[in-house]
Amino acid sequence: MQEPTLSSKYDASQVESKWYARWDSAGLFEPDSNPGKPTYTITIPPPNITGSLHMGHALCYPLQDLFGRYRRMRGDAVLILPGQDHAGIATQSLIDKKLREEGTSATEIGREAFVDRTWEWRKESGGLILNQLRSLGCAFDWSKERFTLDDRYADAVLKVFIDWFNRGLIYRGKRVVNWDPVLKTSVSDIETERKLVQGKLYHIRYPFADGSGSVTVATTRPETMLADVAVAVHPKDERYKSLVGKTITLPLVEREIPLIEDEYADPEYGTGAVKITPGHDANDFEVGQRHDLPLLILFDESARITEDGGAYAGMSREEARKRIVADLEDQGLLEKAEPHEISVLVSDRSKSFIEPLASEQWFVRQTELAQEAIRVVEQGEVRFVPDRYTDVYLSWMKNIHDWCISRQLWWGHRIPVYYTEDGTAYAALSWEDAQSQASDKKIVRQDNDVLDTWFSSGLWPFATLGWPEKSDDLKNHYPTDVLVTARDIIYLWVARMIMMGLDLHGEIPFRTVYIYATVLTEDGQRMSKSLGTGIDPIEIIESRGADALRYALFNQTGSNQDMRYGERRIDEARNFCNKIWNATRFVLMNLDGFDGREPEKLEPVDQWLLSKLVQTENSVRKAFDEYDIQSATQALYRFFWTNLCDWYIEVSKARLASQEARHVPQWVLTTCLDAFLKMMHPIMPHITEEIYAHLPIEGKAEFLMQASWPVLPDSYLQPEAEDLVESWIESTRALRSLRADLGLAAMKSVPQAHFEGDLRGGEEIIAGQAWVEELSQGRPNGRFISITSGSVDFHLATAGLVDEATETARLTKQLARFKANLAKAQQKLANPNFVERAKPEVVEKEREAAKELEDLIRKTKERIEMFES
């Protein structure tokens, strides 16, 4: 389909909205149904239904679109399956807030009404982020959109829970979890944020029961001492060897506890003696298990001290700390309290301090599940990109603990466990199923908790494709090909998908895990709306376009896992879009009489560009295959801006103006544009589709999105032509540099320049591109400056080009500035404090700068001497 004339100005908003609608209406987002095609599948990380687009999303989801568009052009039947996660805590918090604004609460309206209200909100507002993904150009198959609370998906979740329950992999027990005292639920690590706060390290004397003295413990949380059950010291700590086994009278509560040995105690921290509170510290809990210590729980679900706290009952953590410290001081048991920086967990949602709390929860035994999940990564069946995350994954998996899967919420997959009057538990598909299992015992209630969101999302790669049914989608598209995700959920999600896929479906869920970079602010801060450092991608799309945003982010997507977003990069990307647009318009305006036939003879410069095209295609294809997006993006930039625009188009303008000679550059330009647009399409899909529609070439696809990846003949590779033309380019740059040394403006014509050596037939091209009217063999008369390029010397006479007195004055000022800067650099390098304490790369950079300044001083002196001689 040939589009009308390409407009004079590139308008991203017009181009992008038009093409996305056309792709969608043409059904291009659905996989090709041809049974002979290989499949390529991605199930996107399901964004939360409460979410809206942020810069991390603006990188994550277009990356998946890029992979899909590339594989589609390579001949695969591509399925990128979208969907959303029900986001239990985030969604429940949002609805709670709305109810409070209306003067009511979840408790007042009850569970059933609350869930109904949440579904109502989901239908009205829960799809915002998926619509925003469309604005990024994401070619996802919306006909297969899934939701983690869909009926079919819920059936899969029920099946997994019941299967694991019956196999003994799921159990109910008491372990220390992250407890949010405001939301009153357990939370996962991803729903917390670790912060450093200024606190105190309290040194407290714990007296021995026999009156023989005391042992001093150091703690940042004196309030938890009310639930201490032991004091531990390291087995190799000689200070306490003779004291181990003695009984301690716990201050304030007068309970007797033992002094025990355990390797958990760190001799280097505090006094080396550590209080053991299994109910409120995960590490202490493990110590308690090893030594069969009692489990005392001090705080209730609101983090207030229970009746077991005696005189401190009903107090908050903060109130209890103040009172306990004061009481210890009164009794002479507080040795000292010193300032101390403390690492604490804060709830991401409620902003309250997380309380480590031994709580009755549902858990999954992961040790058994982990073994096969370790093997498939160690043997390369699942690989991580970048590879360094393999060790991160394996280290965690080899030290894995049981997984808390219950949440004290109403929104989510309610745990399918039903109880009889005597407390017997049955995992069942429904109340009726549970009653059938219970036989003559009456089922009286269902468990109130819901499943951790990560439990249901762990089934995502196969439940979205129809599992447990043996659907065609599951048969054709599982295992999926690549998972694109963030590094902070390798443990919470990636590992669990691998374990669940292997255990439940018998296959890995994906072959590659691509960890995308974290997008930071320009000064390296974490992007956050609450901190005021967030940037809305939609605003960028509206002002500069999705293609510019995609390009700017992809251009930094290398092995470095932190990238810095800046307006300058977006502007550069937008300028590149304009460059592509304007260069294409120039080509289209110079295609009069073009019949599309391949010419019989090519000039060296034509051969050079085609050879560069082949090399670019090889580089881009290899980079895409290896998930090296930055290299692909940069290779395409170099080819288009430097090779095609800065050099070939400029060199070819004279031929394009000639009726007799124009056919060759016309063919070369359209051939290169066709291939370039196909290679650039996965990165910038909209502008490339628009331009492709205007290319007057035979046999092109109806949509660029449907086109095949360019296959270029080996005959295009011409190393000799490359070597020849590259020598002309270097000569041109040398002459331009010589002009710049004299302060001559670019494009301003110089009457004559001289050369000594062999320009290998490039005189006319070099002269034209260096803005020289005539290139003469030999040396000029009078004063001149020179430069060497390869084996050729170029000379430029100064007479008539510059005012020598003015130039000498300018160079003298420049020399003084160079000398001053060199003196500063040398002074810094002579300072031992700088050389020894600064980072090696900083010192080396300073040395390189000094060396460069020395070279500039030498050259400037030579120029001054020339003018003064």
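Each remark here, short or long, concerns the structure printed above.
Each value, and the rule that gives it
Residues numbered from 1 in each chain as written. Predicted model: local features only at pLDDT ≥ 70, side-chain atom pairs only at ≥ 80, totals over all residues. Heavy atoms only, no water. Helix = DSSP H or I, 4+ residues; strand = E, 2+ residues; numbered from the N terminus. Buried < 20%, exposed > 50% of the residue type's maximum accessible area, 1.4 Å probe, protein only. Contact = heavy atoms within 4.5 Å. Pairing = 2+ DSSP bridges. Axes fitted to C-alpha atoms, helices over the stretch in contact; angles between N-to-C directions. Phe/Tyr/Trp six-rings, centres within 6.5 Å; stacked < 30°, edge-to-face > 60°. Lys NZ or Arg CZ within 6 Å of the ring centre and 35° of its normal. Parallel < 35°, antiparallel > 145°, perpendicular 65-115°, else oblique. Nonpolar A, V, L, I, M, F, W, Y, C, P; charged D, E, K, R; others polar. Left-handed = near helix turned anticlockwise from the far one by under 90°. Salt bridge = Lys/Arg side-chain N within 4 Å of Asp/Glu carboxyl O.

Q: Tell me about the side chain of Lys612, residues and numbers included.
A: Mapped onto the elements of the fold, Lys612 is located in helix H20 (residues 604-625). Assessed through its relative accessible area of 17%, Lys612 is described here as buried. Setting aside residues up to four positions removed in sequence, Lys612 forms contacts with Phe639, Asn643, Glu722 and Glu726.

Q: Report on the sheet that holds strand E26 (residues 753-756), specifying residues and quantitative values.
A: Read from one edge of the open sheet, four strands run E27-E26-E29-E28, paired in mixed fashion. Two strands bound the open sheet, and with one partner strand each, they are strand E27 (775-777) and strand E28 (784-789). The average angle at which neighbouring strand axes cross in this sheet is 30°, direction not considered. Here E26 runs beside strand E29 (residues 792-797); their pairing, made up of three bridges, is antiparallel. Paired with Glu756 across the two strands is Asp793, which belongs to E29.

Q: Kindly report on the packing of aromatic side chains, identifying the contributing residues and their values.
A: If you walk through the whole model with that rule in mind, you get 33 aromatic pairs. Residues Tyr10 and Trp581 carry aromatic rings whose centres are separated by 5.2 Å and whose planes lie at 40° to one another, so their mutual orientation is tilted. Residue Tyr10 is found in the segment before helix H1 (12-25), and its partner Trp581 is found in helix H19 (residues 567-589); the two are separated by 571 residues along the sequence. Note on Tyr10: relative accessible area 3%, which makes it buried. By relative accessible area, Trp581 is classed as buried at 1%. Feature note: the residues Tyr551, Phe576, Tyr637, Phe640, Trp641 and Phe676 constitute an aromatic cluster, connected by ring pairs. A cation sits over an aromatic face here: Arg69 above Trp23, 4.4 Å from the ring centre.

Q: How would you summarise the environment of Ala486 if you had to cite specific residues and measurements?
A: Relative to the helices and strands, Ala486 resides in the loop between strand E22 (480-485) and helix H16 (490-505). When the C-alpha positions of Ala486 and Leu6 are compared, they lie 40 Å apart, and in sequence the two are 480 residues distant.

Q: Run through the packing of H20 against helix H21 (residues 629-656), naming residues and quoting values.
A: At a minimum axis distance of 9 Å, the contact between H20 and H21 shows a crossing angle of 170°. Relative to H21, H20 is oriented roughly antiparallel. On the side of H20, the interface is formed by Val605, Asp606, Trp608, Leu609, Lys612, Leu613, Thr616, Ser619, Val620, Ala623 and Phe624, while H21 contributes Ile629, Ser631, Ala632, Ala635, Leu636, Phe639, Asn643, Leu644, Trp647, Tyr648, Val651 and Arg655. Of the residues in the contact of H20 with H21, the class split is 16 nonpolar, four polar and three charged.

Q: Could you give an account of unusual backbone geometry, with specific residues and numbers?
A: Omega for the peptide link from Val385 to Pro386 comes to -5°, which places this bond in the cis form. Mapped onto the secondary structure, Pro386 falls in the loop between strand E15 (383-385) and helix H11 (389-397). Each neighbour pair has its own omega, and for Trp467 with Pro468 the value is 15°, a cis peptide bond. Its place among the elements puts Pro468 in the loop between helix H14 (460-463) and helix H15 (472-477). Positive phi is not limited to glycine here, since Ser439 has a value of about 60°. One can find Ser439 in the loop between helix H12 (431-438) and strand E20 (443-446).

Q: Break down the packing of helix H2 (residues 55-73) against H20 for me, citing the residues and quoting the values.
A: When two helices pack together, their arrangement is given by the angle between the helix axes and the distance between those axes. Taken N-terminus to C-terminus, the directions of H2 and H20 make an angle of 125°; their axes are 11 Å apart at the nearest point. By the criterion of interaxial angle, the relationship of H2 to H20 is oblique. Relative to H20, H2 is oriented so that their crossing is left-handed. Residues Leu66, Tyr70 and Arg71 of H2 lie in contact with H20, whose contacting residues are Arg621, Phe624 and Asp625.

Q: Mind laying out the pattern of salt bridges, listing which residues take part and the relevant values?
A: Pairing between side chains of opposite charge can happen when the charged atoms of each approach one another. According to the stated counting rule, one finds 51 salt bridges in the structure shown. The salt bridge partner of Glu690 is Lys18, with a shortest N-O separation of 2.7 Å. Here Glu690, found in helix H23 (residues 685-692), pairs with Lys18, found in helix H1; they are 672 residues apart in sequence, far enough to count as distant. Of the charged contacts, one joins Asp422 and Lys441 as a salt bridge, the two residues approaching to 3.2 Å between their closest N and O atoms. Of this pair, Asp422 sits in the loop between strand E18 (417-420) and strand E19 (425-427) while Lys441 sits in the loop between H12 and E20, and the two are 19 residues apart along the sequence.

Q: Lay out the sheet that holds E18 in plain terms, naming residues and giving numbers.
A: Each strand in a sheet pairs with another by means of backbone hydrogen bonds, the pair being arranged parallel or else antiparallel. Ordered by their spatial adjacency, three strands build an open sheet running E19-E18-E20, and the pairing between neighbours is antiparallel. Looking along the sheet, the strands with just one partner apiece sit at the ends: E19 and E20. Direction aside, neighbouring strands of the sheet carry axes that sit 35° apart on average. The sheet contact formed by E18 and E20 spans three bridges and is antiparallel. Directly across from Tyr419, in E20, lies its bridge partner Arg445. Seen against the sheet, helix H7 (residues 151-166) touches E18 and E19 and runs at an angle of roughly 130° to E19. Helix-sheet contacts for H12 involve E18, E19 and E20, and the interaxial angle to E20 is about 135°.

By themselves, these observations are geometric and do not establish any function.
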